[in-house]
2 protein chains.
Amino acid sequence: MTRHTEHDTREHILAIGEQLCMHRGFTGMGLSELLKTAQVPKGSFYHYFRSKEAFGVAMLHRHYAAYEQALNQHFFSGQSSCRTHLLAWYLNTIEQFNQHGTISGCLTVKLSAEVCDLSEDMRTEMNAGVSMIISLLARVLEQGRQQNSLIFTGDAAVQAQVLYSLWLGANLQAKMSRSVIALESALEHVKTVIAAPAV
Amino acid sequence: MTRHTEHDTREHILAIGEQLCMHRGFTGMGLSELLKTAQVPKGSFYHYFRSKEAFGVAMLHRHYAAYEQALNQHFFSGQSSCRTHLLAWYLNTIEQFNQHGTISGCLTVKLSAEVCDLSEDMRTEMNAGVSMIISLLARVLEQGRQQNSLIFTGDAAVQAQVLYSLWLGANLQAKMSRSVIALESALEHVKTVIAAPAV
């Protein structure tokens, strides 16, 4: 029972911290604000995390673990073709942007520029998370090629890296411009990169 | 004479501030650190800028003005073809990364995720700067198409936006991975997007 509560508190701090970081960034999120919002005492925070940096690493780890699960579910279950799954992943971000008028939900978009110069431990954790996403993208590309639902040239891992870069940059452009156009242009480009086979 | 010195002090604060922001981010750059590094008193700072945010806007304005001049010089002078100029622009970043092992020199890469949620004035200034870069890219694409040094499909402005997103994202990936590979993969992709005409 105690262990269960302990786990909940740690999870709760991480979830609240992620919400705050998504808006304020990591440096901009004061520890006192986090404790106040999460309604936990300082001692409790330091019971779970030895420092703000250690908290940051755990937050990233949790974020990418959840993202991995969601992507696996999205890409590799269901009956649609790999191409359809891939395009739906893009359309999902576009829909969310249209609903909320902002990019949210991705710590890579929000924190990559900031934390890479700030903490080597956080950079390493983030890099592992992004490498995992790119690997999953490569896997779905390769599978799509095998099932003949999409065509692309060259190595799946390289292509996946390019697709990831493009989407990351387009997300930032959407943030800057408060417009969905960069996301839509990127998606149109992706459709040509992973062409549908001629019927 | 006084006006000249005034201009120099303002310029000096902006230049030092940009250097600090490039490493620490905007929130992470304390005003006291800026004043100490620039060796100017607080009163002097507030003589030129009514707030840290106003300083941020002026810093972005100055950054993109210099960038516009450099890009104009790079893209539209000299004897090489537009395709060569474009690819040289990419290679320049790759060379700098290989020399310094890091991405530096671009406030869009470093600050976009941070300042867009922080300050509407800074977001607007940054968006204007990025729109200017994309317009220049579109102009060089269009000119290259006319001089038959490169081939691409569709609208130059849309293509320029896609190229910018891809490069922005690849720069962040290079930051995260401390590896040049994402930049190189992006450049290889760009070469296929702006194909050389068959001889």
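Description of the structure in this document. (Residues numbered from 1 in each chain as written. Chains lettered and ligands numbered in written order. Predicted model: local features only at pLDDT ≥ 70, side-chain atom pairs only at ≥ 80, totals over all residues. Heavy atoms only, no water.)

Let's talk about the side chain of Lys110(A)
Following the sequence through the fold, Lys110(A) ends up in helix H6 (residues 107–115). Look at Lys110(A) and you get buried, because its relative accessible area is 3%. Side-chain polar atoms of Lys110(A) contact the backbone oxygen of Ala113(B), separated by 2.7 Å. Setting aside residues up to four positions removed in sequence, Lys110(A) forms contacts with Cys21(A), Met22(A), His23(A), Arg24(A), Gly25(A), Lys175(A), Ala113(B), Glu114(B) and Asp117(B). (Helix = DSSP H or I, 4+ residues; strand = E, 2+ residues; numbered from the N terminus. Buried < 20%, exposed > 50% of the residue type's maximum accessible area, 1.4 Å probe, protein only. Polar contact = N/O pair within 3.5 Å; in protein donor to acceptor, adjacent residues only side chain to side chain. Contact = heavy atoms within 4.5 Å.)

Digging into the interface of chain A and chain B
Interface extent is often summarised as the accessible area lost during association of the parts. Taken residue by residue, the interface counts 40 residues in chain A and 40 residues in chain B. For chain A, the biggest contributors to the area lost against chain B are Asp117(A), Gln173(A) and Met176(A); these three give 21% of the whole. Close ionic contact of Glu120(B) with Arg178(A) constitutes a salt bridge, the shortest N to O distance being 3.0 Å. In this assembly, chain A and chain B are joined by 19 residue pairs in polar contact (both at pLDDT 80 or more). Counting only elements with at least two residues in the side of chain A that touches chain B, the list comes to helix H1 (2–24), H6, helix H7 (120–146), helix H8 (156–177) and helix H9 (181–193) of chain A. The element that contributes the greatest number of residues to the side of chain A that touches chain B is H8(A), accounting for 15 residues. (Buried area = accessible area lost by both parts, 1.4 Å probe. Salt bridge = Lys/Arg side-chain N within 4 Å of Asp/Glu carboxyl O.)

Some details on unusual backbone geometry
Backbone geometry follows two general trends: most residues other than glycine have a negative phi, and most peptide bonds adopt the trans configuration. Residue and element names in this part refer to chain B. The phi torsion at Asn148 lies on the positive side, around 65 degrees, for a residue other than glycine. With respect to the helices and strands, Asn148 occurs in the loop between helix H7 (120–146) and helix H8 (156–177). For Arg178, which is not glycine, the phi torsion reads 50 degrees and is therefore positive. Position of Arg178 relative to the elements: it lies in the loop between H8 and helix H9 (181–193). According to the relative accessible area criterion, Arg178 is partly exposed, its value standing at 42%.

Remarks on the pattern of salt bridges
All names here are of chain B. Considering all chains together, one arrives at 18 salt bridges over all chains under this definition. A salt bridge links Glu11 to Arg62; the shortest N-O distance between them is 3.1 Å. A residue pair is termed long-range when its members are at least 10 positions apart, and Glu11 in helix H1 (residues 2–24) and Arg62 in helix H4 (residues 52–76) qualify at 51 residues. Given a relative accessible area of 26%, Arg62 falls into the partly exposed group. Among the ionic pairs, Glu188 bridges to Lys191, the shortest N-O distance being 3.2 Å.

Digging into helix H2 (residues 31–38) of chain B
Residue and element names in this part refer to chain B. Residues of H2 that are buried: Leu31, Leu34, Leu35 and Ala38. Buried residues of H2, viewed axially, fall in a sector of 95 degrees; they line one side. Within H2, the exposed residues directed more than 90 degrees away from the buried face are Ser32 and Lys36. After H2 finishes, the residue Gln39 shows a positive phi value of roughly 55 degrees. (Arc of directions from axis to C-beta.)

Let's talk about the packing of aromatic side chains
Residues and elements named next belong to chain A. If you walk through the whole model with that rule in mind, you get 18 aromatic pairs over all chains. For the ring pair Phe45 and Phe49, a centre distance of 5.3 Å and an interplane angle of 50 degrees mean the geometry is tilted. Judged by relative accessible area, which is 0%, Phe45 ranks as buried. Positioned above the aromatic ring of Phe26, the side-chain terminus of Lys52 is 4.5 Å from the ring centre. (Phe/Tyr/Trp six-rings, centres within 6.5 Å; stacked < 30°, edge-to-face > 60°. Lys NZ or Arg CZ within 6 Å of the ring centre and 35° of its normal.)

Examining the relation of the copies chain A and chain B
Superposition of the two copies of the chain requires a rotation about an axis and a shift along the axis. Turning chain A through 180 degrees and shifting it by 0.0 Å along the axis lays it on chain B, with an RMSD of 0.0 Å. This pairing of chains is accounted for by a two-fold axis. Interface residue correspondence from chain A to chain B reaches 100%, placing this contact among same-surface, isologous pairings. (Least-squares fit on C-alpha atoms with pLDDT ≥ 70 in both.)

A closer look at the packing of H8(B) against H9(B)
Working note: a packed helix pair is described by the angle between its axes plus the distance between those axes. Residue and element names in this part refer to chain B. Their axes nearest at 8 Å, the elements H8 and H9 cross at an angle of 165 degrees. Of the possible angle classes, the one that applies to H8 and H9 is roughly antiparallel. Considering only the axes of H8 and H9, their crossing is right-handed. Between H8, through Gln159, Leu163, Leu166, Trp167, Ala170, Asn171, Gln173 and Ala174, and H9, the contact on the second element is made entirely by Ala182, Leu183, Ala186, Leu187, His189, Val190 and Val193. For the contact of H8 with H9, the residue count by class is 11 nonpolar, four polar and no charged. (Axes fitted to C-alpha atoms, helices over the stretch in contact; angles between N-to-C directions. Parallel < 35°, antiparallel > 145°, perpendicular 65-115°, else oblique. Left-handed = near helix turned anticlockwise from the far one by under 90°. Nonpolar A, V, L, I, M, F, W, Y, C, P; charged D, E, K, R; others polar.)

Focus: the nonpolar core
Core analysis: the biggest nonpolar cluster contains 142 residues, and Phe55(A) and Phe55(B) have the highest contact counts within it. Setting aside its immediate chain neighbours within four residues, Phe55(B) contacts Ile13(B), Leu14(B), Gly17(B), Phe26(B), Met29(B), Leu34(B), Phe45(B) and Phe49(B). (Core = buried A, V, L, I, M, F, W, Y, C linked by side-chain atoms within 4.5 Å.)

With respect to the packing of helix H4 (residues 52–76) of chain A against helix H5 (residues 82–100) of chain A
Residue and element names in this part refer to chain A. Two numbers describe how H4 lies on H5: the axes approach to 9 Å, and their chain directions differ by 135 degrees. By the angle between their directions, the pair H4 and H5 is classed as oblique. Residues Tyr67, Leu71, His74 and Phe75 of H4 form the contact with H5, whose own contacting residues are His85, Leu86, Ala88 and Trp89.

Some words on H9(B)
When the terminal C-alpha atoms of H9(B) are compared, their 18 Å separation across 13 residues agrees well with the 18 Å that a helix rising 1.5 Å per residue should span. The complete set of buried residues in H9(B) reads Ala182(B), Leu183(B), Ser185(B), Ala186(B), Leu187(B), His189(B), Val190(B) and Val193(B). Against the buried residues of H9(B) lie H8 and H9 of chain A together with helix H5 (82–100) and H8 of chain B. (Expected span 1.5 Å × (residues − 1).)

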